[in-house]
Amino acid sequence: MPMTLTFHESQYPDQVAMQCRQGLHARKLPGRLLYDSPAQAQRWLAYHQSYSPSRTEPELLVLYERSFQAAITALTGRPLHYVSLGCGGGNKDALFVRHALDHGGALHVSPTDTSAALVLETMLRLQAAVPAFGASPLVVDLTAEPDLDPWLAQQEADGARRVFGCFGIIPNFDYAALLSYLRRLMRPDDLLLISANLSPGPYGSVAAQRILPQYDNPLARAWFAGLLDNLGFTGADLRLAVQAQPLRDDGHIWRIQADAHVLRDVQLALYEESFDFREGEVLEVFFSNRFTPAALSRVLRDAGFDIRQTWVLDSQEEGIYLCRRS
Ligand SMILES: C[S@@+](CC[C@H](N)C(=O)[O-])C[C@H]1O[C@@H](n2cnc3c(N)ncnc32)[C@H](O)[C@@H]1O
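Throughout what follows, the structure given in this document is the object of discussion. What you see is a predicted model; the values in this text were computed from it and never measured.

Remarks on helix H1 (residues 13-26)
For step 1, the next point in the chain: Here H1 spans 20 Å end to end across 14 residues, near enough to the 20 Å set by a 1.5 Å rise per residue.
For step 2, the next point in the chain: Positioned one or two residues after H1, arginine 27 has a phi angle of 65°, which is positive.

Next up, the structure:
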């Protein structure tokens with residue numbers, strides 16, 4: 001059957017072109033470009049299937065299921081609107097929806113992502129997992145901080161409470177900006193389930209050595225290189241380097257970053273502009289921020305969230321937080 005996706009204006013071609021131009025000038029590529037095209041979505045899915053703890057560590061899925069059950073139980077009997085922010089391939093969303101079907105009220109699902117290919121992937125996964133549900137798939141750039149409330153209200157039943165699922169996206173965003181946006185998006189009775197890659201110890205402990213290989217491997221490199229290739233670079237123009245660095249003096253927040261080092265002068269022609277890169281310049285391609293569990297709790301509280309419950313993997317490499325606005 002054909003499927004209808006809604007495109008938010010933040011995804012219109014002029015917006016995408018402007019963001020891409022700004023990123024090339026600033027030598028920092030917008031993170032969403034890594035997922036944007038169907039080929040990039042497939043490269044990310046291949047990498048994610050092999051390296052994401054949610055695919056490689058079965059006990060993490062148990063924690064996700066517990067967190068879903070806690071959110072659903074808190075809203076028993078009320079119409080429920082589940083909004084997935086940055087839905088990716090939709091595995092976690094399908095799990096949420098399977099649990100939510102039993103909650104005793106109407107259920108509506110809104111998977112959102114910057115990648116149309118991934119929104120579609122999620123819809124197909126949801127359809128395969130559950131027989132019938134109302135859905136409003138949306139392609140949107142969350143870094144544009146769109147006011148989604150009016151659109152969400154149009155999709156849902158009167159009196160619906162919203163659960164926002166925000167899984168694995170805080171590491172790739174400016175986290176303070178994302179949390180401030182989420183807080184504005186939420187109404188006082190809505191719930192937020194947010195998960196993040198965590199660091200068992202501060203930067204400089206074994207953490208970086210253990211975690212870095214998850215981002216420096218052939219599948220991750222193929223994903224990073226795919227974007228550079230789309231922009232018009234050739235393999236001989238650049239050398240990719242993946243390294244870790246602290247973001248805070250105490251090392252409780254640090255990041256893994258993939259940079260492309262320019263090996264020879266290159267001129268790219270894109271969006272009716274030309275962009276000159278000189279040998280020796282560096283272009284930021286990807287980052288993933290890591291928080292120790294203590295640091296993330298603090299960051300969430302400082303951003304105005306009341307943490308109701310937390311589920312952290314024994315390895316302390318991923319955690320899920322059930323929050324309300326404080
Ligand atoms: C690490 S994946 C997580 C996917 C999924 N939530 C999960 O846990 O498996 C990050 C997701 O965020 C999406 N994303 C990245 N930047 C975005 C943006 N600016 N707006 C909306 N979605 C974005 C990507 O397309 C990708 O699906």
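Picking up where we left off.
Remarks on the pairing of strand E2 (residues 80-85)
For step 1, the next point in the chain: In terms of burial, E2 is largely enclosed, as six of its six residues are buried.
For step 2, the next point in the chain: In E2, alternate side chains face the same way, and those of Leu80, Tyr82 and Ser84 on one face and His81, Val83 and Leu85 on the other are all buried.
For step 3, the next point in the chain: Where E2 lies against strand E3 (residues 107-113), six bridges are found, and the strand directions are parallel. Across the sheet, leucine 85 pairs through a bridge with threonine 112, a residue of E3.
For step 4, the next point in the chain: Once you follow E2 into helix H5 (residues 91-100) and on to E3, the crossover reads as right-handed.
For step 5, the next point in the chain: As defined by bridge partners, E2 adjoins strand E6 (residues 161-167) across five bridges and the pair is classed as parallel. Note that in E6 the partner of tyrosine 82 across the bridge is valine 163.

Looking at the packing of helix H2 (residues 38-51) against helix H10 (residues 218-231)
For step 1, the next point in the chain: The interhelical angle for the contact between H2 and H10, taken along N-to-C directions, is 165°, at an axis separation of 9 Å. By the angle between their axes, H2 is roughly antiparallel relative to H10. Considering how the two elements wind past one another, H2 and H10 form a crossing that is left-handed. Residues Ala39, Gln40, Arg43, Trp44, Ala46, Tyr47, Ser50 and Tyr51 of H2 form the contact with H10, whose own contacting residues are Leu219, Ala220, Ala222, Trp223, Gly226 and Leu227.

Things to note about the site of the ligand
For step 1, the next point in the chain: Taken together, 19 residues surround the ligand, and among them Tyr35, Gly86, Gly88, Phe167 and Gly168 come closest.
For step 2, the next point in the chain: Within the shell around the ligand, the residues separate by chemical class into seven nonpolar, eight polar and four charged.

Description of the sheet that holds strand E12 (residues 282-291)
For step 1, the next point in the chain: Spatial strand order, E8-E9-E12: three strands in an open sheet with antiparallel pairing. For this open sheet the edge positions go to strand E8 (238-246) and E12, each flanked by a neighbour on one side alone. Neighbouring strand axes in the sheet, compared pairwise and without regard to direction, differ in orientation by 15° on average.
For step 2, the next point in the chain: Here strand E9 (residues 253-262) pairs with E12 via nine bridges, running antiparallel.

Some remarks on the pairing of E9
For step 1, the next point in the chain: By the bridge criterion, nine bridges tie E8 to E9 in an arrangement that is antiparallel. Counterpart to alanine 244 in the pairing with E9 is isoleucine 256.
For step 2, the next point in the chain: Counting the residues between successive antiparallel strands, the hairpin from E8 to E9 contains six residues, one of them, glycine 251, with a positive phi of roughly 75°.

The rules we used
- Note on numbering: residues in each chain are counted from 1, in written sequence order.
- This being a predicted model, a pLDDT of at least 70 is required before a residue's local features are given, and a value of 80 or more before pairs of side-chain atoms are given or counted; all residues contribute to the totals for chains, interfaces and linings.
- Helix and strand definitions follow DSSP, with helices as H or I runs of at least four residues and strands as E runs of at least two, each counted in order from the N terminus.
- Helices are assigned an expected span. That span is 1.5 Å times one less than the residue count.
- Exposure classification rests on a simple neighbour count of other C-beta atoms within 10 Å of a residue's own: a residue reaching 20 or more is buried, one at 12 or fewer is exposed, and one in between is partly exposed. C-beta atoms are placed from the backbone.
- A pair of strands is treated as paired once DSSP finds two or more bridges between them.
- For the handedness criterion, the strands are oriented away from the viewer, and a crossover whose path from the first strand over the helix to the second runs clockwise is classed as right-handed.
- In this analysis an axis means a line fitted to C-alpha atoms, helices contributing only their contacting stretch, and an angle means the value between N-to-C directions, from 0 to 180 degrees.
- Convention used here: angles under 35 degrees read as roughly parallel, angles over 145 as roughly antiparallel, angles from 65 to 115 as roughly perpendicular, and any remaining angle as oblique.
- Left-handed describes a crossing in which the near helix is turned anticlockwise from the far one by less than a right angle; the clockwise case is right-handed.
- Whether two residues are in contact depends on their C-beta atoms, placed from the backbone: they are in contact if these lie within 7 Å.
- Here, nearness is defined through the C-beta atom: a residue counts as near a molecule or strand if that backbone-placed atom lies within 6 Å of it.
- Lys, Arg, Asp and Glu make up the charged group, whereas Ala, Val, Leu, Ile, Met, Phe, Trp, Tyr, Cys and Pro make up the nonpolar group; the residues left over, Gly among them, are polar.

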